[in-house]
Amino acid sequence: MSDGHQPPLDPGAGDADRIAEMKSALEAMILVAHDPVPPELMAQLLEQPVSSVERWCDELAESYTERAHGFELARVAGGYRYQTRGDLSPYVERFVLSEQHARLSGAALETLAIVAYKQPISRAQVASIRGVDPDGVLRTLAARGYVAEVGRDTGPGQAVLFGTTETFLEKLGLDSLDDLPPIAEFIPGADVVETLEQGLHPAPPDDDRRA
Amino acid sequence: MSDGHQPPLDPGAGDADRIAEMKSALEAMILVAHDPVPPELMAQLLEQPVSSVERWCDELAESYTERAHGFELARVAGGYRYQTRGDLSPYVERFVLSEQHARLSGAALETLAIVAYKQPISRAQVASIRGVDPDGVLRTLAARGYVAEVGRDTGPGQAVLFGTTETFLEKLGLDSLDDLPPIAEFIPGADVVETLEQGLHPAPPDDDRRA
Amino acid sequence: MTIDVSTEVYTGPFDLLLQLILSEEVDIYEIHLARIVDAYLDEVERLQALDLDVATEFLLIAATLVELKARRLLPGRADVDLDEELALWEERDLLLARLLECKTFKDVAGVFAHLADEADRSFARSVGPDERFAGLTPDLLAGTSLQRLRNAAIRALTPRPVPVVDLHHVSPVRVSVADAVVELLDELPRAGRIGFRRLTADLVERLEVIVRFLAVLELYKQGVVELDQPEHLGDIEITWTGGTDVDADELTIDVYEG
């Protein structure tokens, strides 16, 4: 977690170095994000003006095109994301069709699992468990027919509540939700997790031990 | 859909163009993958020798490093994947909250080490090396997906045998089990053996103490 | 010699024995076996539930140790049965081999931790194809087993540890009352009379101020300063009364553990 941390910007670095670091940070953030990343968010995290972030992204996008990489940096739905170059679609299609990749991403599967075990559940509750905005993923799952709106919260705001569908049960070969494998015994309490975390300060490997 | 289609390889293109296209196809396929992509699969899809695919991937990886991109092409768990450059982790962590890395306990690491080097191995065999019942630890490791049942002992009782998984390789950033440091390096040196031997010597360290 | 195993994460009798022989660098025969047993029993108690496997494992080790020790205490070997002697050596070699194996994997575990820490700094892309390719795979759940769904649920629902900043590398502020006394013995005779607030005006850490306060009380106890606090919660006036030649070494300063 970086809250509180300062990003590792070398204060003595020259402007060119600083810009190079900012650009590689942008590349890294966009690479792992599941949804297009708004420039405003990146600007905030890097403590840089939005206009600079946009300029750097454009420069990156240009350099990819110039060097004929297989990926491009596209501005989609208000954010930046990596996507494959249009003319390479035939290769990508072959690849996607190759069986092992016809499945949900880890993030999507985790969201689906949360909905399955905690339904009915609101978007905000999913977000608080996963720690990230589940909007895009929930949309995908709904488009596939694995989850659906099952009601409205009675509280203020009347948030939409999600649950799994018949399709979900069918695809997993389940008769009913009662057939989901139990998980409670595998989930440690927060105190255990914390103790583990603290007890586990692995000593750096020490070369003379191996002598 | 590409079934039946030929990938759009320009038959008149020179060798350099052809290689450039292959390389960008590799980039595109790895970009959309959920898991590390085995070079064998890409070789098959591109109808190229595996050795060429591996060479091209290595060249791509090198060029990313040379240009100090924020991402790198790493060979992990038998395949290639895009990952962020290690030193950029403070920027990236914001986006990957959901897969925050959990640290392993000392006991878990020791058990994992035993399973990694001695697989396939039964619970009883792990117990005899660690001197404690490894049941809880093995369950945790299995729940995290680092170890899995890989078979049954042929002897009486048909004990479950455990081995490490691809997730384990990814957790340690290894391409294959062959990349584990040779166990011989860790066998305690003569000094340790001597200390232990002296500690366990049935006769006094020197004879005149008995006098 | 004290054997303190309770400060270590105890993960079994081998660990304990290894620790005793290696880190303490002792000859196992020069310490009382009873102490190892006591330490062990304490651990078992701490673990709440007695694990029979652990207990018997330790008994086996303890028995071997007792026998080895008894053998060493025997005055001579002329009367020793050769078979028994051989069996004992065999036991010992077995124990030695197991300790070595245990140590080997302990060291490997350290390397694993290092590898995992390195690998944890990089984050893999696992975004998957964008929506242009979504139509190709009508059923994304086809390749998903219940096991995979269950594991995803466990991953997602396991509470995340609250991140803490690791302060291992930061050395704590170490201020001792004795050091503060030495400083005051230099400063107070020159000042003659000074308010506590002024005396501590240049200190940043609250702990340093407290230590100074304790030092002043020490000096009061030793009779070399007078204290006066005219107002409730007001500044404390410190007046040096000790003359010119007070040496810190001559004062007996209480040591505060902190």
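This text goes with the structure placed above it.
Here the structure is a predicted model, which is why all the values come from computation and not from measurement.

Regarding the sheet that holds strand S2 (residues 225-228) of chain C
Within a sheet, adjacent strands bond to each other through the backbone by hydrogen bonds, running parallel or antiparallel.
Residue and element names in this part refer to chain C.
Here's step 1: If you trace the 3 strands from one edge of the open sheet to the other, you get S1-S3-S2, paired in antiparallel fashion. Looking along the sheet, the strands with just one partner apiece sit at the ends: strand S1 (193-195) and S2. The mean inter-strand angle of the sheet, taken between neighbouring strand axes irrespective of direction, is 20 degrees.
Here's step 2: Here helix H6 (residues 177-191) sits on the sheet in contact with S1, S2 and strand S3 (237-240), set at roughly 85 degrees to S3.
Here's step 3: This element, helix H8 (residues 206-221), spans S2 and S3 of the sheet and lies at about 120 degrees to S2.

Here we look at the side chain of B:Gln48
Here's step 1: Examined against the element boundaries, B:Gln48 turns out to sit in the loop between helix H2 (39-46) and helix H3 (50-66).
Here's step 2: When sequence neighbours within four positions are dropped, the list of residues in contact with B:Gln48 reads B:Arg18, B:Met22, B:Ala43, B:Val53 and B:Trp56.

Quick word on helix H7 (residues 135-144) of chain B
Here's step 1: For H7(B), every residue scored as buried is listed here: B:Val137, B:Leu138, B:Leu141 and B:Ala143.
Here's step 2: Contact partners of the buried residues in H7(B): helix H5 (106-118), helix H6 (123-130), strand S4 (147-152) and strand S5 (160-164) of chain B together with helix H5 (146-157) of chain C.
Here's step 3: Of the residues one or two after H7(B), B:Gly145 is the one with positive phi, at around 85 degrees.

As for H5(C)
Here's step 1: When the terminal C-alpha atoms of H5(C) are compared, their 16 Å separation across 12 residues agrees well with the 16 Å that a helix rising 1.5 Å per residue should span.
Here's step 2: The set of residues buried in H5(C) consists of C:Leu149, C:Arg150, C:Asn151, C:Ala152, C:Ala153, C:Ile154, C:Ala156 and C:Leu157.
Here's step 3: Packed against the buried residues of H5(C) are helix H5 (106-118), helix H6 (123-130) and helix H8 (166-171) of chain A together with H7 of chain B.

Here's the deal with the pattern of salt bridges
Here's step 1: According to the stated counting rule, one finds 26 salt bridges over all chains in the structure shown.
Here's step 2: The partner of B:Arg55 in a salt bridge is B:Glu59, and the shortest N-O contact between them spans 4.0 Å. Note that B:Arg55 and B:Glu59 are positioned in helix H3 at a spacing of 4 residues, about one turn of the helix.
Here's step 3: By relative accessible area, B:Glu59 is classed as partly exposed at 32%.
Here's step 4: Between B:Glu110 and C:Lys106 there is a salt bridge, and its shortest N-O distance comes to 2.9 Å.

Structural notes on the sheet that holds strand S5 (residues 160-164) of chain A
Residue and element names in this part refer to chain A.
Here's step 1: Read across the sheet, 3 strands follow the order S3-S5-S4 without closing on themselves; strand pairing throughout is antiparallel. Each edge of the sheet is formed by a strand with only one pairing partner; in this case those strands are strand S3 (121-122) and strand S4 (147-152).
Here's step 2: Two elements, S3 and S5, share 2 bridges in a ladder whose sense is antiparallel. The partner of Ser-122 across the bridge, within S5, is Leu-161.

Parameters and conventions
Residues numbered from 1 in each chain as written. Chains lettered and ligands numbered in written order. Predicted model: local features only at pLDDT ≥ 70, side-chain atom pairs only at ≥ 80, totals over all residues. Heavy atoms only, no water. Pairing = 2+ DSSP bridges. Helix = DSSP H or I, 4+ residues; strand = E, 2+ residues; numbered from the N terminus. Axes fitted to C-alpha atoms, helices over the stretch in contact; angles between N-to-C directions. Contact = heavy atoms within 4.5 Å. Buried < 20%, exposed > 50% of the residue type's maximum accessible area, 1.4 Å probe, protein only. Expected span 1.5 Å × (residues − 1). Salt bridge = Lys/Arg side-chain N within 4 Å of Asp/Glu carboxyl O.

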